[in-house]
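# Results of the structural survey
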Amino acid sequence: GSVSEAADEFYRIRAQQESVHRRTASLDKVLSSAIQRIERKAEKFALSIGDEAEIERLRLYGELLTAHMYSIKSGSREASMQNYYLDPPATVVIPLDETLSVSDNAQQYYKKYRKAKYAREIATVKFQEAENEFSYLRGIYEDLAACTTDADFEEIRQELEAGGYVRSNQKKRIKLPSSKPHHFVSSDGIDIFVGKNNTQNDRLTFRESSPDDIWLHTKDIHGSHVIIRAFGADVPDSTLLEAAILAALHSQAKAAPSVPVDYTKRKFVKKPSGAKPGMVVYTNQKTLIVNPDPLLENRLRK
């Protein structure tokens, strides 16, 4: 019977994968178009950031006109003067509005300077927001590709729904059990868990681990949260290294030759209020540089 059992298992897994694949295709489209939209938005903000040197020149003109106010004839179209801020000083010619007094011309330059500086600051913030959203969605895109069960998929869909990226389909919602993180056992016999998506990362870090467990994450790179179930005991270097390699393999840097991975005790990981799923801040970390060896995963998989 073991052959037929194995065959049943094979077909069950295959059916499951096909079902996940069909469902991921629809979200794939949604994510691709959201990512393209944000790329366009980021480009637009990058273009409107404005050249800092140009903006500073407006301020300089205002200052020079204020300093030389009494030596400029009113009604002039331009004023030529020494720019003492340069070393050596150089002559600068400042265009003027001949219908305004010299003092009003100086005020106009200050006003333009403040307006341009403010616009630059806003565009810089908007650009950063677009960049952050882009990397957030890129991460979800990779999580989607790694889905193996309907529960994995459903969690990602619900996260996108909560973020307003896909419309809610209450009617079709089936109550699935929570998806499970990847489970590995280190060569020292210690349990290591790796989150598969943002929802699961949050759950693994904040609900399914203890304060003294070891928490790992690729440094400044989107990736899974990894937990070494240490029960407060010292973790051997070999287990730490294996967990760091798993963190690298489950990150956007999995193809890189060497990857920095931060680790700290779970109690030093916090969730900022209002942060997106999977987003955390942490302190007291140390960093390991590892080489993501894909063969390790099969050796340690439970």
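This text goes with the structure placed above it.
Let me sum up the structure you'll find in this document. (Residues numbered from 1 in each chain as written. Predicted model: local features only at pLDDT ≥ 70, side-chain atom pairs only at ≥ 80, totals over all residues. Heavy atoms only, no water.)

## Looking at the packing of aromatic side chains
- Counted by the stated rule, this structure contains two aromatic pairs.
- Ring centres of Tyr61 and Tyr109 lie 5.3 Å apart, and the angle between their planes is 85 degrees; on these two criteria the pair is classed as edge-to-face. Of this pair, Tyr61 sits in helix α2 (residues 52–67) while Tyr109 is found in helix α3 (residues 102–145), placing the two residues 48 residues apart along the sequence.
- When the ring of Trp215 is compared with that of Tyr282, the centres are 4.9 Å apart and the planes differ by 55 degrees; the resulting orientation is tilted. (Phe/Tyr/Trp six-rings, centres within 6.5 Å; stacked < 30°, edge-to-face > 60°. Helix = DSSP H or I, 4+ residues; strand = E, 2+ residues; numbered from the N terminus.)

## Examining the sheet that holds strand β6 (residues 226–228)
- Taken in spatial order, the six strands line up as β3-β4-β6-β5-β7-β10 in an open sheet, and their pairing is antiparallel. Looking along the sheet, the strands with just one partner apiece sit at the ends: β3 (182–185) and β10 (286–290). Looking at each pair of strands side by side, their axes are set apart by 25 degrees on average, direction ignored.
- Here strand β5 (residues 214–218) pairs with strand β7 (residues 259–265) via five bridges, running antiparallel. The residue of β7 that forms the bridge with Thr218 is Val261. (Pairing = 2+ DSSP bridges. Axes fitted to C-alpha atoms, helices over the stretch in contact; angles between N-to-C directions.)

## Here's the deal with the packing of helix α1 (residues 2–47) against helix α4 (residues 150–162)
- Direction vectors running N to C along α1 and α4 enclose 20 degrees, while the axes themselves pass 9 Å from each other. Classified by the angle their axes make, α1 and α4 are roughly parallel. The element α1 and its partner α4 pack so that their crossing is left-handed. Contacts between α1 and α4 involve Gln16, Ser19, Val20, Arg23, Thr24, Leu27 and Leu31 from the former and Asp150, Phe153, Glu154, Ile156, Arg157 and Leu160 from the latter. (Parallel < 35°, antiparallel > 145°, perpendicular 65-115°, else oblique. Left-handed = near helix turned anticlockwise from the far one by under 90°. Contact = heavy atoms within 4.5 Å.)

## Observations regarding helix α5 (residues 198–206)
- Summarising burial for α5: seven of the nine residues are buried, a large majority.
- Listed as buried for α5 are Asn198, Gln200, Asn201, Asp202, Arg203, Leu204 and Thr205.
- Where α5 begins, one side-chain oxygen reaches toward the backbone nitrogen of Thr199, 3.2 Å away; that side chain belongs to Asn197. (Buried < 20%, exposed > 50% of the residue type's maximum accessible area, 1.4 Å probe, protein only. Polar contact = N/O pair within 3.5 Å; in protein donor to acceptor, adjacent residues only side chain to side chain.)

## Considering the side chain of Ser224
- With respect to the helices, strands and loops of the structure, Ser224 is situated in the loop between β5 and β6.
- For Ser224, a relative accessible area of 6% corresponds to the buried category.
- Among the polar contacts made by the side chain of Ser224, one reaches the main-chain carbonyl oxygen of Gly195 at a distance of 2.7 Å.

## Things to note about the pattern of salt bridges
- Within the structure shown, the criterion is met by 20 salt bridges.
- With a shortest N-O distance of 2.9 Å, Arg23 and Glu154 are connected by a salt bridge. With a gap of 131 residues between them, Arg23 in helix α1 and Glu154 in helix α4 connect regions that are remote in the sequence.
- Taking the relative accessible area as the measure of exposure, Arg23 reaches 23% and is therefore partly exposed.
- Looking at Glu154, the relative accessible area reads 5%, which means it is buried.
- Its salt-bridge partner being Lys265, residue Asp212 comes within 3.7 Å of it at the nearest N-O pair. Of the two residues, Asp212 sits in the loop between α5 and β5 while Lys265 sits in strand β7, which places them 53 residues apart along the sequence.
- Take Asp212: its relative accessible area is 28%, and that puts it in the partly exposed class.
- On the basis of relative accessible area, Lys265 is assigned to the partly exposed category, the value being 32%.
- Where salt bridges share partners, they join Arg23, Asp150, Glu154, Arg157 and Glu161 into one cluster. (Salt bridge = Lys/Arg side-chain N within 4 Å of Asp/Glu carboxyl O.)

Interpretation note: all reported values are geometric properties and have no functional meaning in isolation.
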